[in-house]
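If you want the building blocks of each chain, they are given just below.
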Amino acid sequence: QQQVKQSPQSLIVQKGGISIINCAYENTAFDYFPWYQQFPGKGPALLIAIRPDVSEKKEGRFTISFNKSAKQFSLHIMDSQPGDSATYFCAAAFSGGYNKLIFGAGTRLAVHP
Amino acid sequence: GAVVSQHPSRVICKSGTSVKIECRSLDFQATTMFWYRQFPKQSLMLMATSNEGSKATYEQGVEKDKFLINHASLTLSTLTVTSAHPEDSSFYICSAPSPGTSGGRGTDTQYFGPGTRLTVL
């Protein structure tokens with residue numbers, strides 16, 4: 001019930017293409033869904049986050065789509081660039097959980113020029 | 001966004017020694033901080049929740065006597081790996097929620113430190 005399942009494990013996209021990473025959860029108490037980007041040897045950096053009262057949030061080239069009934073959410077990276085090559089983690093938390101994040105397994109994205 | 005720092009960024013120690021890692025929130029106060037461990041090509045594993053002014057809360061399977069956590073002030077939490085062994089070699093990352101960023105909806109935005117690479121020889 002506490003798990004967040006993330007797929008794919010790895011992803012290769014050509015420059016200019018769309019990268020799509022998917023996550024699914026079971027606990028309907030989750031009400032906060034952030035995405036983090038991590039470069040090798042660095043800490044994760046918050047990319048974008050969504051709450052279940054909206055179905056989509058866009059910030060620049062990054063969009064989160066949220067399907068509450070299916071308990072799924074996804075990250076879309078438009079016009080993917082080689083500089084986007086990193087590991088992406090989805091996560092979930094709920095208001096009564098004292099900000100504790102439950103992370104997905106991560107997706108290693110490689111954007112080829 | 002808010003800034004969280006860690007020190008040191010890298011540390012190499014001999015087996016059996018203790019290592020202290022500091023986590024600081026630079027521009028906000030954090031009553032709670034989190035400590036994670038990350039092995040190569042794996043996700044972040046939450047080790048414990050550090051609480052200012054009280055004992056840390058450890059996740060199942062994490063030895064509290066081995067990983068000592070002290071939340072000395074509203075901007076500093078420390079993780080001490082005692083009697084370190086090669087299997088403790090990992091990337092340790094802290095995080096802190098920045099208060100007031102949830103818009104009153106309960107879950108604050110969480111910011112991560114840059115991590116500390118621990119190598120135990």
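Let me sum up the structure you'll find in this document. Residue positions are given per chain, counting from 1 as you read along its sequence in written order. Written order determines the labels here, with chains lettered from A and ligands numbered from 1. With the structure being a predicted model, the display of local features is reserved for residues of pLDDT at least 70 and the display and counting of side-chain atom pairs for 80 or more, all residues being used for whole-chain, interface and lining totals. Only hydrogens and water are removed before side-chain values are computed, so all heavy atoms of the structure are retained for them.

Glancing now at the side chain of Ser77 of chain B. All names here are of chain B. Its place among the elements puts Ser77 in strand S8 (residues 76-81). For Ser77, a relative accessible area of 0% puts it in the buried group. At 3.0 Å, the side chain of Ser77 forms a polar contact with the side chain of Trp35. Residue contacts are counted whenever heavy atoms from the two residues lie within 4.5 Å of one another. Among residues more than four places away in sequence, those in contact with Ser77 are Ile21, Glu22, Cys23, Met33, Trp35, Ser50, Ile69, Asn70 and His71. Numbering of helices and strands runs from the N terminus, with a helix taken as a DSSP run of H or I at least four residues long and a strand as a DSSP run of E at least two residues long. Using a 1.4 Å probe on the protein chains alone, a residue whose accessible area is under 20% of its type maximum counts as buried, one over 50% counts as exposed, and one in between counts as partly exposed. Polar contact is defined as a pair of N or O atoms within 3.5 Å, subject to the rule that within protein one atom must be able to donate a hydrogen and the other to accept it, and that residues adjacent in sequence are counted only when both atoms are side-chain atoms.

Moving on, we get to the packing of aromatic side chains. Residues and elements named next belong to chain A. For Phe, Tyr and Trp, where Trp contributes only its six-membered ring, two rings pair if their centres lie within 6.5 Å, and the inter-plane angle classes them as stacked under 30 degrees, edge-to-face over 60, or tilted in between. Applying the stated criterion across every chain, the model contains 16 aromatic pairs over all chains. Consider the rings of Tyr25 and Phe30, whose centres lie 6.2 Å apart with planes at 65°: the pair is edge-to-face. One aromatic cluster in this structure is built from Tyr25, Phe30, Phe33, Trp35, Phe66, Phe73 and Phe94.

Definition used in this section: a nonpolar core is a set of buried Ala, Val, Leu, Ile, Met, Phe, Trp, Tyr and Cys residues joined via side-chain atoms within 4.5 Å. If you look at the biggest cluster of nonpolar residues, it comprises 26 residues, and the most contacted ones within it are Val4, Trp35, Phe67, Leu79, Tyr92 and Leu118 of chain B. When residues of this core are traced back to their parent elements, those giving at least two are strand S2 (10-13), strand S3 (19-25), strand S4 (32-38), strand S5 (45-51), strand S7 (67-73), S8, strand S9 (90-97) and strand S11 (116-120) of chain B. Discounting residues that sit within four places of it in the chain, Tyr92 of chain B has contacts with Gln6, Ile21, Tyr36, Arg37, Met47, Phe67, Leu79, Gly115, Thr116 and Leu118 of chain B. Val13, Ile48, Ile102 and Leu109 of chain A belong to the second largest nonpolar core, which has 25 residues in total.

Right, let's get into the sheet that holds strand S1 (residues 4-7) of chain B. All names here are of chain B. Sheet architecture is open: four strands sit in the order S1-S3-S8-S7, paired in antiparallel fashion. Across the chains shown, the open sheet's two edge strands, defined by having one partner strand only, are S1 and S7. Neighbour-to-neighbour, the strand axes of the sheet open up by a mean angle of 20°, direction not taken into account. Here, a strand pair is defined by DSSP locating no fewer than two bridges between the strands. As judged from the six bridges shared by S3 and S8, these two strands associate in the antiparallel manner. Its bridge partner lying in S8, Cys23 is registered against Ser77. To obtain each axis, a line is fitted to C-alpha atoms, and for helices this fit is confined to the stretch in contact; angles are then taken between N-to-C directions over 0 to 180 degrees.

Attention shifts here to the interface of chain A and chain B. Contacts between the two partners involve 23 residues from chain A, matched on the other side by 24 residues from chain B. Summed over both sides, the interface of chain A with chain B buries roughly 1800 Å², with 51% coming from carbon and sulfur. Each of two parts loses accessible area, computed with a 1.4 Å probe, when they are put together; buried area is these two losses added. Summed over the three residues of chain A that lose the most area to chain B, namely Arg51, Asn99 and Lys100 of chain A, the buried surface amounts to 31% of that side. What makes a salt bridge here is a side-chain nitrogen of Lys or Arg within 4 Å of a carboxyl oxygen of Asp or Glu, nothing more. The interface formed by chain A and chain B holds one salt bridge in total. A salt bridge links Glu59 of chain B to Lys100 of chain A, with the nearest nitrogen and oxygen atoms 3.0 Å apart. Our count for the chain A to chain B interface comes out at five residue pairs in polar contact (both at pLDDT 80 or more). Residues are grouped as follows: nonpolar covers Ala, Val, Leu, Ile, Met, Phe, Trp, Tyr, Cys and Pro; charged covers Asp, Glu, Lys and Arg; every other residue, Gly included, is treated as polar. Residues of the side of chain A that touches chain B, tallied by class, amount to eleven nonpolar, six polar and six charged.

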